[in-house]
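# Understanding the architecture of this molecule
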Amino acid sequence: YRSPADPQHLQVLARRYPDCFKISAAEDRAISGTQLFEVLNYALAECTTWQDADGPTLAIASLNHYDVVKWVVKPSSDKRQCSFVELVARHAQPSEFYVTHYFGQPVRDMLECVQLQLRTRQLGEDTLFWIWAYAHQPDESFVPDVLHASDAFQALKKSSGILLPLGATSVPFSRTWCLLEVMLGVLELQIPLDIVAFALDGPILLTQNLTEVESRMESKFAGTGFRQKNHREQSFPADILVAALDVSLERSDAVSKMDRNRLLHKFLEEAGVEVAAVPLNRQFEKANVKLRGLFASMMWLPIVESDKLPRNTVVECIKANVSKDFLTVNLCASKVDDTHLSLLARCMHKNLTRVDLNFWMCPRLTGKGVEDLARQMPSKLKTLKLNFKLSGVGQGGVDALASFPESLTSLFLNFSYNSEIRSLASICQSIRALAQSSLKLLDLDISGVEKIGDKSMMLLAEALEISRIKNLFLSFRSCRALSDVGVQAIVNALPSSVTLLKMDLGDCEISDASVDALSSQLQHMQHLGVIQVNLHGCKEVTETSISRFVGKLPWTLRGAKLDLSDTCLPKDIQRICRRLTTMRSWMPSKPQSQIKNPTSTNFVQLEPEKVGLELQSVDLFLHRGVVQNVSPPAVKVTGKKLSWLETLCPSTDEEVKRMSRTFSEPHIRQFKPLLPFVVHPARGCAISSMARPECMYSRPRTSHNGKSEPIWYP
C-alpha cells in the first residue's frame with residue numbers, strides 16, 4: 001500500500017475492526033494487554049507492505065508509534081469519530097497502569113517492556129494500560145485547556161501505577177509530555193513509577209516500590225521482599241538514567257514547538273508562577289529539581305553495583321530537593337559499604353523529618369560509616385529508622401549513635417545478630433537525653449546479641465524510668481547473657497505512660513521471677529491498652545507465674561497475647577494464652593458468694609466483674625460492627641473443687657465450636673506500631689483516634705489444618 005488512505009488498506013482495517021462501542025469518559029478507554037499485543041503484532045506483520053509515496057517500505061526494526069497511528073489507529077477511527085479502544089472494547093475499560101512513552105520508540109521495544117512488567121508483577125494479559133494514542137479521539141485537542149482537567153490527568157487518578165518504557169533509549173527524559181506526566185502522576189498524585197530498560201541480558205524492571213509478590217514476602221519475613229527487589233534490579237543499566245539527572249522542562253521537546261510552549265505555559269499558570277515576574281531560567285527551577293531528585297532517588301542500588309555513575313551528581317540532585325521531607329533507602333543484601341553510607345549522609349538536607357534506612361545483611365558496613373551518618377542527622381528529624389540487622393557495624397556503630405536530634409519523637413533501632421556488640425551504653429545515653437522531652441515511640445531490637453548482659457539492661461532501665469514513652473517495643477530474643485536481674489530492672493522501669501507494649505524474651509535464661517515482676521508492674525500501668533509478651537523457649541517459666549500474670553491483667557486491656565511455645569507448660573495453657581478472650585476466661589476461682597442460685601440448676605454462671613471490650617472473633621467487629629462482652633463459660637456443679645482447666649468445659653454448641661479451634665504458631669512478620677508518627681496522649685481504648693482500636697491490631701482469619709483462628713498482633 002502506497003498510502004494509509006488506500007481503499008484496499010481501509011477495507012482490511014474495516015473487516016478487522018467492524019464494531020464500535022462508545023465510551024464517553026476518556027479515562028475509561030484503557031487498552032488491555034491482549035488488545036495491545038494484537039494491534040502491535042498486526043502492525044509488525046504488515047508493516048513491510050506499507051510504503052509512503054516518497055519513502056522506502058517500512059521495516060520491522062524501525063516501526064514506531066508514529067507509524068502505527070498513521071497506518072492503523074487514525075484510518076480505523078477517523079471515519080467513525082471514535083478512539084481506537086472503542087473499536088476493540090466491548091465495555092468501559094478504566095485505567096490500571098498509565099504508560100508514558102516516546103512515540104519514536106521502536107514498537108518491538110515497547111512490546112518487550114510491557115510483557116516484562118506483566119511477568120514481573122504476575123499480572124494477566126487482561127491488565128488495562130492507558131495509552132494516549134489509543135484513547136484519543138480525533139476531535140479532541142492535543143493540548144488541553146487545563147492540565148488538571150485533561151483526559152491524561154483523569155486517567156492518572158484512576159491508575160495504580162505508571163510505566164515508563166525506556167527500552168534502549170533515554171529520549172523520554174527530554175520529551176515535554178513524558179516529564180509532565182511524571183510530574184503530575186508520581187510527584188503530585190504519588191503514583192508509583194516503573195521503569196523498563198534494556199541491559200545486555202534483556203529488559204530489566206526498576207520499580208519505585210515493591211511488587212505485589214515482594215510485598216507479600218516482606219510481610220511474612222522482614223527484609224526478604226527488599227532482598228528480592230535488589231536481586232531483580234542489580235543488573236539495571238543505570239547509565240541510561242544519567243540523562244534523567246539533567247532533565248529540564250524548558251529544554252524539552254514536543255511534536256511542535258508551539259505545542260510545547262502552550263503546554264509549558266499552562267503548567268506555569270496552574271502552578272501559580274507569574275511568568276512576567278520570574279526570569280526564564282528560574283520559572284521551571286522547582287519542577288526540575290523535583291524531577292531530578294525523583295530519578296536520583298531510584299539510582300541507589302545501581303550506584304552500589306557500579307562505579308561508573310556520577311555519584312556526586314546523584315547526591316547533589318537528592319540534596320537539592322528540599323521540598324521532600326523524607327528519605328527512604330533500602331539496600332538489603334547489597335554490596336553497600338562505608339563509602340556509600342558517607343554519600344547517603346551527604347544527601348540529608350535540613351528539612352528532613354523522617355529517615356528510613358535499611359541495611360539488612362550488609363556485612364561490608366562498619367562503625368566508620370555510621371559515624372558519618374550520625375554527624376549529618378538533620379535537626380528537624382522526628383522519625384528515625386535504622387536497620388543494621390546482620391550487618392558488620394559492630395560496637396563502633398553503636399557507639400557512633402551517641403546523640404540524636406532533640407526533635408526526635410520515634411526511634412527504631414535494629415542491631416540484631418551483630419555478634420561484636422558488647423554494650424548499649426551510648427544508645428542508652430542518647431535515649432536518656434530524649435526520654436523526658438520528645439521521645440514517644442521506641443523500638444529497640446538486639447535479638448541474638450549474645451554479649452549483651454544485665455549491665456546494659458541496667459543502663460536502659462535508667463533511661464526508661466524517666467521517660468514518657470507511649471509505644472515501647474523491646475526485643476531481647478536469644479540474648480543468652482541476659483538473666484532475671486536485667487529483665488526485672490527493665491520491667492520495674494517501664495513508664496506508666498505506655499499504651500502499647502511488646503517484649504520479646506524468647507530463648508532467654510529467665511525464670512518465674514521475671515514474669516512475676518512484670519505482673520506486679522502491670523498494676524501501675526493505668527494507660528496500657530495492648531500487651532504482647534514472647535516467652536518462647538523459656539524452659540524455667542512455670543504454670544504458677546503464668547497463672548498469676550493472667551490473673552493480674554488489667555481489665556482495661558483491649559488486646560493481649562502471650563507466646564509460650566516450646567516451654568514446659570501444657571499445650572492447653574499455651575493455646576489459651578494466645579488470645580485475650582481465653583485468658584479472661586482463665587481467672588482465679590470466685591468466692592462462693594458470687595455463685596448465683598447454686599441449687600436451682602445443674603449449671604451455675606460465674607458473675608463477671610465489670611470489664612472493658614473483649615475480642616472473641618473477628619466477626620464481632622468486622623461483620624456486626626460492634627464488640628460484645630464475652631461472659632466466662634458455664635461451670636458444671638460437682639462434688640469436688642474444679643480446676644481452672646475443667647471450668648473451660650464447653651456447655652453449648654457455640655462453645656464447642658469456639659473451643660475446638662486449633663491455634664497455629666505465631667506468624668513471623670514485621671511488627672507495626674500503632675502510632676508511628678503522631679502520638680496522642682491517650683488513655684484506655686483511646687490509644688489512637690480510631691473508635692475501635694482492636695481493629696488496628698488484628699488481621700483476618702488464617703487457615704491451619706483445615707480450621708481457623710483469629711490472631712491478634714499490634
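Higher on the page you've got the structure.
The rules behind each value
Residues numbered from 1 in each chain as written. Predicted model: local features only at pLDDT ≥ 70, side-chain atom pairs only at ≥ 80, totals over all residues. Heavy atoms only, no water. Helix = DSSP H or I, 4+ residues; strand = E, 2+ residues; numbered from the N terminus. Buried < 20%, exposed > 50% of the residue type's maximum accessible area, 1.4 Å probe, protein only. Contact = heavy atoms within 4.5 Å. Core = buried A, V, L, I, M, F, W, Y, C linked by side-chain atoms within 4.5 Å. Pairing = 2+ DSSP bridges. Right-handed = clockwise from strand over helix to strand, strands pointing away. Phe/Tyr/Trp six-rings, centres within 6.5 Å; stacked < 30°, edge-to-face > 60°. Lys NZ or Arg CZ within 6 Å of the ring centre and 35° of its normal. Lys, Arg positive; Asp, Glu negative; His and termini not counted. Salt bridge = Lys/Arg side-chain N within 4 Å of Asp/Glu carboxyl O. Polar contact = N/O pair within 3.5 Å; in protein donor to acceptor, adjacent residues only side chain to side chain. Disulfide = S-S within 2.5 Å. Axes fitted to C-alpha atoms, helices over the stretch in contact; angles between N-to-C directions. Nonpolar A, V, L, I, M, F, W, Y, C, P; charged D, E, K, R; others polar. Expected span 1.5 Å × (residues − 1).

### Topic: the overall build of the chain
Looking only at helices and strands, the chain features 26 helices and 19 strands. Counting over 714 residues, the chain shows a buried share of 54%. Counted over contacts in the chain with a minimum sequence separation of 6, partners at least 24 positions apart contribute 79%.

### Focus: the nonpolar core
Counting 152 residues, the largest nonpolar core has Ile 195, Phe 359, Leu 535, Ile 546 and Phe 549 as its most contacted members. Among the elements that line this core, the one with the most residues is helix H8 (residues 176-188), at seven residues. For Phe 549, the residues in contact, after removing those within four places along its chain, are Val 515, Leu 518, Ser 519, Leu 522, Ile 531, Val 533 and Leu 562. In this structure, Phe 37, Trp 50, Val 72 and Val 107 belong to the second largest nonpolar core, which totals 43 residues.

### Observations regarding the pairing of strand S9 (residues 383-387)
Note on strand geometry: in a regular strand, side chains alternate between the two faces of the sheet. In terms of residue burial, S9 counts as a mostly covered element, since four of its five residues are buried. For strand S8 (residues 354-358) and S9, the ladder comprises five bridges, and the chain directions are parallel. Across the sheet, the residue bridging to Asp 356 is Lys 385, located in S9. Crossover S8 to S9 through helix H16 (residues 367-375) is right-handed. As judged from the five bridges shared by S9 and strand S10 (residues 410-414), these two strands associate in the parallel manner. Bridging from a neighbouring strand, Leu 384 pairs with Leu 411 of S10. In the classification by handedness, the crossover that spans S9, the intervening helix H17 (residues 394-400) and the parallel S10 is right-handed.

### Topic: the packing of aromatic side chains
One pass over the structure, following the stated rule, counts 11 aromatic pairs. Ring centres of Tyr 42 and Trp 50 lie 6.4 Å apart, and the angle between their planes is 65°; on these two criteria the pair is classed as edge-to-face. Residue Trp 50 is classed as buried on the basis of its relative accessible area of 0%. On the numbers, 5.7 Å between centres and 20° between planes, the contact of Phe 359 with Phe 388 is stacked. Taken together, the residues span a long stretch of sequence, with Phe 359 in the loop between S8 and H16 and Phe 388 in the loop between S9 and H17 at a distance of 29 residues. Comparing Phe 359 with Phe 388, the two get one shared label, buried. Put simply, the rings of Tyr 17, Phe 84 and Tyr 134 touch in pairs and so form one group of aromatic residues. The aromatic ring of Phe 412 is capped on one face by Lys 385, whose charged end is 4.8 Å from the ring centroid.

### Side note on the sheet that holds strand S6 (residues 202-207)
Reading across from one edge, S1-S3-S2-S4-S5-S6 is the order of the six strands in this open sheet, with mixed pairing throughout. Two strands bound the open sheet, and with one partner strand each, they are strand S1 (31-32) and S6.

### Observations regarding the environment of Lys 368
Tracing the chain through its elements places Lys 368 in helix H16. Relative accessible area serves as the criterion here: at 52%, Lys 368 is assigned to the exposed category.

### Some points on the side chain of Lys 266
For Lys 266, the position within the fold is in helix H11 (residues 257-270). One buried charged residue, Lys 266, remains without a salt bridge, the closest side chain of opposite sign being Asp 145 at 4.7 Å. At 3.1 Å, the side chain of Lys 266 and the backbone oxygen of Asp 145 are in polar contact. Ignoring anything within four residues of it in the chain, the contact list for Lys 266 reads Val 143, Pro 144, Asp 145 and Leu 147.

### Here's the deal with the state of the cysteines
What makes a disulfide is a covalent bond joining the sulfur atoms belonging to two cysteines. On inspection of all chains with the given rule, the structure shows zero disulfides. Free of any disulfide, Cys 538 has its nearest cysteine sulfur in Cys 508, 6.0 Å distant.

### Here's the deal with the sheet that holds strand S11 (residues 441-445)
The parallel open sheet is built from nine strands, whose spatial order is S7-S8-S9-S10-S11-S12-S13-S14-S15. The strands lining the two open edges of the sheet, one partner per strand, are strand S7 (326-330) and strand S15 (559-563). The average angle at which neighbouring strand axes cross in this sheet is 5°, direction not considered. Both strand S13 (residues 500-504) and strand S14 (residues 530-534) contribute to a ladder of five bridges, which runs parallel. Its bridge partner lying in S14, Met 503 is registered against Val 533.

### Brief notes about the pairing of strand S5 (residues 193-199)
Among the seven residues that make up S5, seven are buried, leaving the element largely enclosed by the rest of the structure. Of the two faces of S5, the one lined by Leu 193, Ile 195, Ala 197 and Ala 199 and the one lined by Asp 194, Val 196 and Phe 198 are each fully buried. For the crossover from strand S4 (residues 161-167) across H8 to S5, the handedness is right-handed. As judged from the six bridges shared by S5 and S6, these two strands associate in the antiparallel manner. Directly across from Phe 198, in S6, lies its bridge partner Pro 203. The hairpin formed by S5 and S6 contains two residues between the paired strands.

### Examining the pattern of salt bridges
Under the criterion given, the structure shown has 19 salt bridges. Here Lys 158 ties to Asp 28 by a salt bridge, and the two come within 2.8 Å at their closest N and O atoms. Of this pair, Lys 158 sits in helix H7 (residues 151-158) while Asp 28 sits in the loop between helix H1 (7-16) and S1, and the two are 130 residues apart along the sequence. Ionic pairing is found between Arg 232 and Glu 233, a salt bridge with its closest N-O pair at 3.5 Å. For the pair Arg 232 and Glu 233, a shared accessibility class is recorded, and that class is buried. Among the ionic contacts, a cluster of salt bridges with common partners joins Glu 214, Lys 229, Arg 232 and Glu 233.

### Re the packing of helix H9 (residues 212-220) against helix H10 (residues 224-233)
The description of two packed helices rests on the angle between their axes and on the distance between the axes. Running from amino to carboxyl end, H9 crosses H10 at an angle of 145°, the nearest separation of the two axes being 6 Å. When H9 is examined against H10, the residues Glu 214, Met 217 and Glu 218 are found in contact with a partner set consisting of Thr 224, Gly 225, Phe 226, Gln 228, Lys 229 and Arg 232. Here the contact of H9 with H10 is built from residues that sort into two nonpolar, three polar and four charged.

### A few points about helix H2 (residues 33-46)
Compared with an ideal rise of 1.5 Å per residue, which puts 14 residues at 20 Å, H2 spans 20 Å between its outermost C-alpha atoms and is within 8% of the ideal. Those residues of H2 not exposed but buried are Gly 33, Gln 35, Leu 36, Phe 37, Val 39, Leu 40, Tyr 42, Ala 43 and Leu 44.

### Quick word on the environment of Arg 311
Assignment of secondary structure puts Arg 311 in helix H14 (residues 311-320). Considered as a pair, Arg 311 and Met 299 are 12 residues apart in the sequence and their alpha carbons are 9.6 Å apart. Discounting residues that sit within four places of it in the chain, Arg 311 has contacts with Ile 303, Ser 306, Thr 339, His 340 and Leu 343. At 3.4 Å, the side chain of Arg 311 and the side chain of His 340 are in polar contact.

### Things to note about H16
Along H16, the residues classified as buried are Gly 367, Gly 369, Val 370, Asp 372, Leu 373 and Ala 374. Structurally, H16 contributes buried residues whose contacts are with helix H15 (338-346), S8, S9 and H17.

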